[in-house]
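Listed below, chain by chain, are the residues.
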Amino acid sequence: MTRFLPFQFRYHPNGQVLLVNECGDYSFVPQSTFEDIISGNFTKENRQYFDLQSRLFLEQAENNEFSLQKTAAKYRSRKAYLRDFTSLHMMVVTLRCNQRCEYCQVSCAEHDAHKYDMPVHTALKIVDTIFESPSKSIKIEFQGGEPTLHWDVVKETVLYAKKKQQKSDKVLYFVLCTNLTGITKEQLLFCRDHGICISTSLDGAKPLHDKHRVLRSRGSSYDLFIRNLFLAREIVGEDNVDALMTTTAFSLRKLPEIIEEYIVLGFNGIFIRSLNPYGFAAEQSGVLGYDMHEFVAAYTEALRHILSINRTRFFPEHFATILLSRILTPFSTGFVDLQSPAGIGISGVIYDYDGSVYPSDEARMLARMGDVHFNLGNVHRDPYKEIFGGSKLRSIIKDACVEVTPSCAHCVYQAFCGTDPVRNYLESGSEIRKMEGTPFCIKHKGIFDFIFSLLADMSEEEENIIWSWVARSPTVDRNA
Ligand code: SF4
Ligand code: SF4
């Protein structure tokens, strides 16, 4: 008798039925085949029988234990990021910023509000805490505000962390998140000499970028950005400078022009990011926000456009690449924002300027809005074990799994999706909620629907493009 292993299904908008099993293997079957499956009439005579068997939808008749072991091995690979506890450590070295972007999620502080600077002794204490992490791979990301405004702390942190690294078995990476407008040659030379990568923001051509990303001192942030982008590439190296964009109501219908701007400026891809409902973005949601269905429509149209661009040049969309990597490979992607259990605290963590610890940047932004619900402690007061092994983080993570979340528990995209308890809490007052109909779910379900339609009906050329994105994606952890 044919026995099926557990799987989820969806009557897909493309007219077929999509099946996805526990280890993330998928298959499309015609509706008639699906009816045979659920009525117990699916037999070896069906032409998809052996395909479904090889993808672990069916037990191996002669060796059930073998099927389960193979499923378990694949499941372990997908969840391998759990073994790497905690690798991404973000430090808010100052909340001050020389810009006041319309959508700033951290509600950054005035240029001269030095009370929001991280003291050196706090930075060093944070590094001590970071090095207690069992993860072999440590990435320290300098955030703000604008971290170049408090450069001494960045320098001291890098030098101290490198000293500690010599006595450890850890691999160390640094990222500087900067708007680039005020960065100096000396700072860039320091980045080059210490292997610090640069992550910046570009929202489009000059009128759009200047509209979103406003200099406090007046003038064009775009002009300064461009000047320093080329200087940064020259000093730090082209591959070590990357940018992402934030989509507002003003840019939603301008994605093709924004993509063009990225190409003209020599970027090798784009990350199209939706607006997060925090900080100034929350205050301005009536002006900057949009219905998530609109975002999905604009995003999927942009993705089609990017696929056509890739006929002649390599130019991936990075969010789609992350999702495709999850769907097409058994490897972890290390993308903290979309994991189950959620990556907050266990994959990435953020230290505020005063040493307070939050499980995610969004949790810290929430604290900036006056709600410290997700505070995990403070490096000056609490030992590592209390912050990372205490009851607070355990209780957040316990419920932060799609497998136990209403709607997600039976969703066909469960194996590829994730959960965000901080956003749930912000929107509903509860870390766990029914996800169907939420902006988070509308966005991800819509994009997954599009990607699976593409996978079901793609040309050989599109298949080659998609695999070239996945194969060259730095976010896929093949050693996991
Ligand atoms: S988004 Fe970044 S660059 Fe813009 S105001 Fe906020 S901290 Fe400054
Ligand atoms: S958030 Fe939506 S798309 Fe993601 S697993 Fe849950 S129900 Fe599915």
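What counts, and at which threshold
- Every chain is numbered on its own, with residues counted from 1 as its sequence reads.
- Each chain is given a letter, starting from A, and each ligand a number, starting from 1, according to the order in which they appear as written.
- Under the rules for a predicted model, residues below a pLDDT of 70 receive no local features and side-chain atom pairs below 80 are neither given nor counted, while totals for whole chains, interfaces and linings still include all residues.
- Based on all heavy atoms of the structure, the side-chain values leave hydrogens and waters out of the count.
- The secondary structure listing takes helices from DSSP runs of H or I that are at least 4 residues long and strands from runs of E that are at least 2 residues long, numbered from the N terminus.
- Note on patches: the residues involved have over 30% relative accessible area and no salt bridge, like charges join within 9 Å, and the nonpolar side chains Val, Leu, Ile, Met, Phe, Trp and Tyr join within 5 Å.
- Here the Shrake-Rupley method, with its probe set to 1.4 Å, supplies the accessible areas, and only the displayed protein chains count as covering residues.
- Criterion for a salt bridge: a side-chain nitrogen of Lys or Arg within 4 Å of a carboxyl oxygen of Asp or Glu.
- Here the aromatic set is Phe, Tyr and Trp, taking the six-membered ring for Trp, and pairing holds for ring centres within 6.5 Å; pairs whose planes are under 30 degrees apart are stacked, those over 60 apart are edge-to-face, and all others are tilted.
- The rule is simple: take the accessible area with a 1.4 Å probe, protein chains only, and divide by the maximum for that residue type; under 20% is buried, over 50% is exposed, in between is partly exposed.
- Two limits define a charge over a ring: the Lys NZ or Arg CZ must be within 6 Å of the ring centre, and within 35 degrees of the ring normal.
- Note on pairing: two strands pair once DSSP finds at least 2 bridges between them.
- Every crossover in which the path from the first strand over the helix to the second runs clockwise, viewed with the strands pointing away from the viewer, is termed right-handed.
- For a helix, the expected span equals 1.5 Å multiplied by the residue count minus one.
- As used here, the arc is the angular range of directions from the helix axis to the C-beta atoms.
- Here a residue-residue contact requires only that any non-hydrogen atoms of the pair lie within 4.5 Å.

> Could you give an account of the environment of Lys 185, with specific residues and numbers?
Relative to the assigned elements, Lys 185 resides in helix α6 (residues 185–193). In this structure, the C-alpha to C-alpha distance between Lys 185 and Asn 228, residues 43 residues apart in sequence, is 8.9 Å.

> Can you lay out a nonpolar patch on the surface for me, pointing to particular residues and giving the numbers?
Judged by side-chain polarity, Phe 9, Tyr 11 and Ile 38 come together as a nonpolar surface patch covering roughly 320 Å² of accessible area. As for its placement among the helices and strands, Ile 38 is situated in helix α1 (residues 31–38).

> Report on the packing of aromatic side chains, specifying residues and quantitative values.
Inspection of every chain in the model, using the stated rule, returns 28 aromatic pairs. Here the aromatic rings of Tyr 49 and Phe 50 are separated by 5.1 Å at their centres, their planes lie at 75 degrees, and the arrangement is edge-to-face. Ring geometry for Tyr 299 against Phe 319: centres 6.4 Å apart, planes inclined by 75 degrees, an arrangement best described as edge-to-face. With Tyr 299 in helix α12 (residues 292–309) and Phe 319 in helix α13 (residues 318–328), this pair connects stretches of sequence that are 20 residues apart. For the residue pair Tyr 299 and Phe 319, the accessibility class agrees, reading buried in each case. Through successive ring pairs, a cluster of aromatic residues spans Phe 4, Phe 7, Phe 42, Tyr 49, Phe 50 and Phe 57. Over the ring of Phe 250 we find Lys 211, and its NZ or CZ is 4.1 Å from the ring centre. In this structure, Arg 472 packs its charged tip against the face of Phe 314, placed 3.7 Å from the ring centre.

> Hey, could you go over the pairing of strand β5 (residues 137–143) for me, with residue numbers and the actual values?
Most of β5 sits out of view: 5 of its 7 residues are buried. Across 5 bridges, strand β4 (residues 88–92) lies against β5 in parallel orientation. Within the sheet, the bridge partner assigned to Val 92 lies in β5 and is Gln 143. Note: β5 against strand β6 (residues 171–177), 6 bridges, orientation parallel. By the bridge assignment for β6, Ile 138 is matched with Leu 172. In this region the chain leaves β5, passes through helix α5 (residues 151–166) and returns to the parallel neighbour β6; the handedness of that crossover is right-handed.

> Could you give an account of helix α19 (residues 460–471), with specific residues and numbers?
In a regular helix each residue adds 1.5 Å, so 12 residues correspond to 16 Å; α19 covers 16 Å between its end C-alpha atoms and thus fits that length. For α19, every residue scored as buried is listed here: Glu 462, Ile 465, Ile 466, Trp 469 and Val 470. Looking straight down α19, one finds its buried side chains confined to an arc of 135 degrees; they lie on one side. Exposed residues lying more than 90 degrees from the buried face of α19 are Glu 460 and Ala 471. On its buried face, α19 is in contact with α12, α13 and α18 (439–456).

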